[in-house]
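Listed below are the residues making up each chain.
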Amino acid sequence: MAFYDNKYWILSHVRNSFLYSDDTGMCEMILQNADIPKKIREEGKKLWFGNLDDSEEEFDDDGRIHTRSLGNGNDDFGTRRRRLNTVVRLEKMRKEQQAAAMISTIRWKEPDLTNLDQGEKTKIFQKKEVVAQNSKSALSKLMAEHASDPDSPFIEYAKFDGNSQLRAPTRTIRIFLSMQSAEDRNFPMTVCVVASAKVSELIGLVCYKYSHEKREPPLTGSVDNYALFIAEDDGSPDADFPCLEPKEVVGKFGFTSLALVRSVNPPKEAKKDVETNTTVDQLNTEKPEERGAVLESTDYHSFKGFLLHKVRPNTEITLGISWDQVEIKPCPTSRSVTTLLWSRPNLKPTRLPIEVIVDCVPMQTLPASVAIMYYDTDKRKWRRLRIECDSKTIEQVVAKLKFILEIRGGLYRQEYLHHMSYVNKKASLIR
Amino acid sequence: MGNNNGDQVILATGGYDHSIKFWQAHSGVCTRTVTHPESQVNALDITPDSQLLAAAGYQHIRMYEINSSNPNPIVNYEGISRNVTAVGFHEDGHWMYTGGEDCSARVWDLRTRNLQCSRIFQVTAPVNCVCLHPNQGELLVGDQSGVIHIWDLRTDHNEQLIPEQDASIQDISIDSSANFMAAINNKGNCYVWSLIPGNKLPDGEEGSTQTQLRPKSRLLAHKRYGLKCKFSPDAKYLATTSADQTAKLWKTSDFSLHSTLQTENQRWVWDIAFSADSQYAITASSDNTARLWSIETSEIAKEYIGHSKALTSLAFQDGTP
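Our subject in this report is the structure included herewith. Residue indices begin from 1 for each chain and proceed along its sequence in written order. All chains are assigned letters beginning with A, and all ligands numbers beginning with 1, in the order in which they are written. Selection of residues for local features in this predicted model requires a pLDDT of at least 70, selection of side-chain atom pairs for listing and counting requires 80 or more, and totals for whole chains, interfaces and linings are taken over all residues.

**Things to note about the interface of chain A and chain B**
Under the convention used in this document: Placing C-beta atoms from the backbone, we regard two residues as in contact once those atoms come within 7 Å. Only DSSP runs of H or I with at least four residues qualify as helices, and only runs of E with at least two residues qualify as strands; both kinds are numbered from the N terminus onward. Each residue receives one of three labels: charged for Asp, Glu, Lys and Arg, nonpolar for Ala, Val, Leu, Ile, Met, Phe, Trp, Tyr, Cys and Pro, and polar for the others, Gly being one of them. Paired strands are those between which DSSP finds at least two bridges.
Listed per partner, the contact involves 40 residues of chain A and 58 residues of chain B. Put simply, the parts of the chain that give the side of chain A that touches chain B at least two residues each are β1 (104–107), α5 (118–124) and α6 (138–145) of chain A. Considering each element in turn, the side of chain A that touches chain B owes the most residues, six residues, to α6(A). Looking at the side of chain A that touches chain B, its residues break down into 17 nonpolar, twelve polar and eleven charged. As defined by bridge partners, β1(A) adjoins strand β7 (residues 75–78) of chain B across four bridges and the pair is classed as parallel. Looking at β7(B), one finds that A:S104 is bridged to B:V75.

Okay, structure coming up:
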């Protein structure tokens, strides 16, 4: 129930209503620049003791959560309301501005000939003796060294790699390679493909990366010999569904994990049913008996805990960890007078992509807690989330996150680890 | 920064798809793409210290870090009203030269931000190409009206040369030991001169007089538009590229045709570069593809596939093994 006697609430409500009902994004631009919440806050401090603007108050630097609403997450599929397109557009504009700020600009200046120092001019435009160039070539050496490398038959598919493309929409998909040995199968290949590629081209790209990474056993034949299946959570191909139609466009699908399977015969239009059956038979034989408990840990799992704040009481939350993100959802709590005054009734559900998570460590505190370190891409600094829960949960959270980070750890994690090893080295020197 | 700077092989290509791609030259793998917004890429060059790539486009010259993952340029040179068609560097990196359709060639002082020693050379027609003499003191500027200007940077003295009436000069090249100069025009004709180095100045003054040219040969190189000409590092070959979908290699001993680099799908060949030992040539073509050719066999050794539009320029730096 809203409190219509609270003028700040009403102001905030009016502001939000403007933003929500305006598809052009103009309101947002104007109102954001006005930074009304800040004004409210400043005035509010004079009038109120409690907190008024719960959503934006706590963005301080002591490692508390920097809220990102679920709507800004990475889901590219499904319907998106037009309003969210505005957000996306604004976000893009902001990023472009940030990028532009990193570029230094040097404007042409008409040379001032009267002021030109003759000595300087003579020095910098001095003619030199022409000397013979070296005639050894690193390229020729590399070409000779790599002359024996068989050209991957799949090289023509290299152009569908989304990593070497800019701006083109891409899909990042985990590919489980069923032809590899049971041990290697635990390490799926992450492929970034341009969304406009066909499934057969994605297969080609996977095969190209496979041979480029020198995975064993080597692939033979052409892309027609392979098929992509929907992968189950443990990475085994889901035999209940047919393989993805090679002519379909990748962008149409929303799968994040697929399994590459070698089919016995190249599928042919006429005998499709039969072929599918043989492939499925092979699936069943190839289906790994035991996938090990480790890989299971890439599935979504949720844990209960309390998010620690510096001053206020802790918020009860659900911590969800999956292959590509960490979610923090507040649990609905019963409202008492204290919670109304002191807690954050609407701590927004937060979703951190796994790429920004850099580390996860158990803390030696009482009661036990776990710290998740991440990189805040907006504020460009490291941050820390502290979550209090029982020791068994902590163990699970740490094991699970570490496992995922091991495979998926990105640039931020490398940077963080590098930084920490430097800090530790320094600390040990001081000691 | 880079692991083994001067030794690394760098290949970058750019064109009409508003991006520049870096390639692993020996494998054909694209290692990185950087943005080149709002403009095609007219010319590319690598700084002598192998740290930056310069891309000339419409009204801008942008500099990209070579050993980084930053997809954006780090320096943007601007203040030019038209297309920039040529870019290159002094061998010690003191200054950068550019030429453009605003009928001028410029020298940008790279030592400080305030362009202390910048220079400008104005001509009457849009500049198509600028070539630095290996003595680092003379710029050869070719323009659309068919004039080659020889601009002595120290004395500001300049001379003009018109090899053929009503033919636009498309590219000029001087071999590394400065024995020959070649220029190709839009009729597909290529002119070659012998260069005679300038004399030492009298009374102990440093420097020398301007280089003298003596006509050497005229090649009817291509039937269509000529685009680029370049001497191989050992000066044994002169390469010419053209709108006739080929690149041709000429022996400099007698200027006879050595071989024609052509393949079925190739379209206009816009740019060419040689490996340091003159064993390989790399071409950039309108069919979105760059190719590595073995000069001995005239066969394709590698293809660089990934651009989505025509390629118009490439920058290649070979390393010492």
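**A closer look at unusual backbone geometry**
Residue and element names in this part refer to chain B. We apply this condition: To assign burial, the other C-beta atoms lying within 10 Å of each residue's own C-beta are counted, with C-beta atoms placed from the backbone; 20 or more indicates buried, 12 or fewer indicates exposed, and intermediate counts indicate partly exposed.
Notably, A235 is not glycine yet its phi reads approximately 60°, a positive angle. With 18 C-beta atoms counted inside 10 Å, the residue A235 sits in the partly exposed group. At S298, a residue that is not glycine, the phi angle is positive and equals roughly 60°. With respect to the helices and strands, S298 occurs in the loop between β26 (289–294) and β27 (299–305). Take S298: there are 16 C-beta atoms within 10 Å of it, and that puts it in the partly exposed class.

**Things to note about the environment of B:A54**
Residues and elements named next belong to chain B. Relative to the assigned elements, A54 resides in strand β5 (residues 52–56). In this structure, the C-alpha to C-alpha distance between A54 and A43, residues eleven residues apart in sequence, is 8.2 Å. Residues within four places of A54 in sequence aside, it is in contact with L44, D45, T47, I61, M63, V87 and M96.

**Looking at the sheet that holds strand β6 (residues 301–307) of chain A**
All names here are of chain A. Where we set the bar: The axes used here are C-alpha line fits, helices contributing only the stretch in contact, and every angle between their N-to-C directions lies in the interval 0 to 180 degrees.
Judged by pairing direction, the sheet is antiparallel, and its seven strands sit side by side in the order β9-β8-β7-β6-β12-β11-β10 without closing on themselves. Of all the strands in the sheet, just β9 (350–353) and β10 (357–363) have a single pairing partner and so form its edges. On average, each strand axis in the sheet is tilted by 30° relative to the strand beside it, whichever way the strands run. Pairing of strand β8 (residues 325–330) with β9, which is carried by four bridges, proceeds in the antiparallel orientation. Bridged to I328 within β9 is T350.

**Some points on the sheet that holds β27(B)**
Residue and element names in this part refer to chain B. Across the sheet, which stays open at both edges, the four strands sit in the order β24-β25-β26-β27 with antiparallel pairing between neighbours. Each of the sheet's edge strands pairs with one partner strand only, and the pair in question is β24 (269–274) and β27. Each strand axis lies, on average, 20° off the axis of its neighbour in the sheet, ignoring direction. With five bridges joining them, strand β25 (residues 280–285) and β26 adopt antiparallel strand pairing. What sits directly across from A281, in β26, is W293.

**Describing helix α8 (residues 199–212) of chain A**
All names here are of chain A. To keep things clear, this is the line we draw: Expected span, for any helix, means 1.5 Å times one less than how many residues it has.
Under the 1.5 Å per step criterion, the end-to-end length of α8 is 20 Å for 14 residues, consistent within 8% with the ideal 20 Å. Where burial is concerned, most of α8 is hidden: twelve out of the 14 residues are buried. Where α8 is concerned, the buried positions are V199, S200, E201, L202, I203, G204, L205, V206, C207, Y208, K209 and Y210. As for α8, its buried residues are in contact with β2 (170–177), β3 (189–194), β4 (226–230) and β5 (257–262). At the exit of α8 stands K214, carrying a positive phi of roughly 55°.

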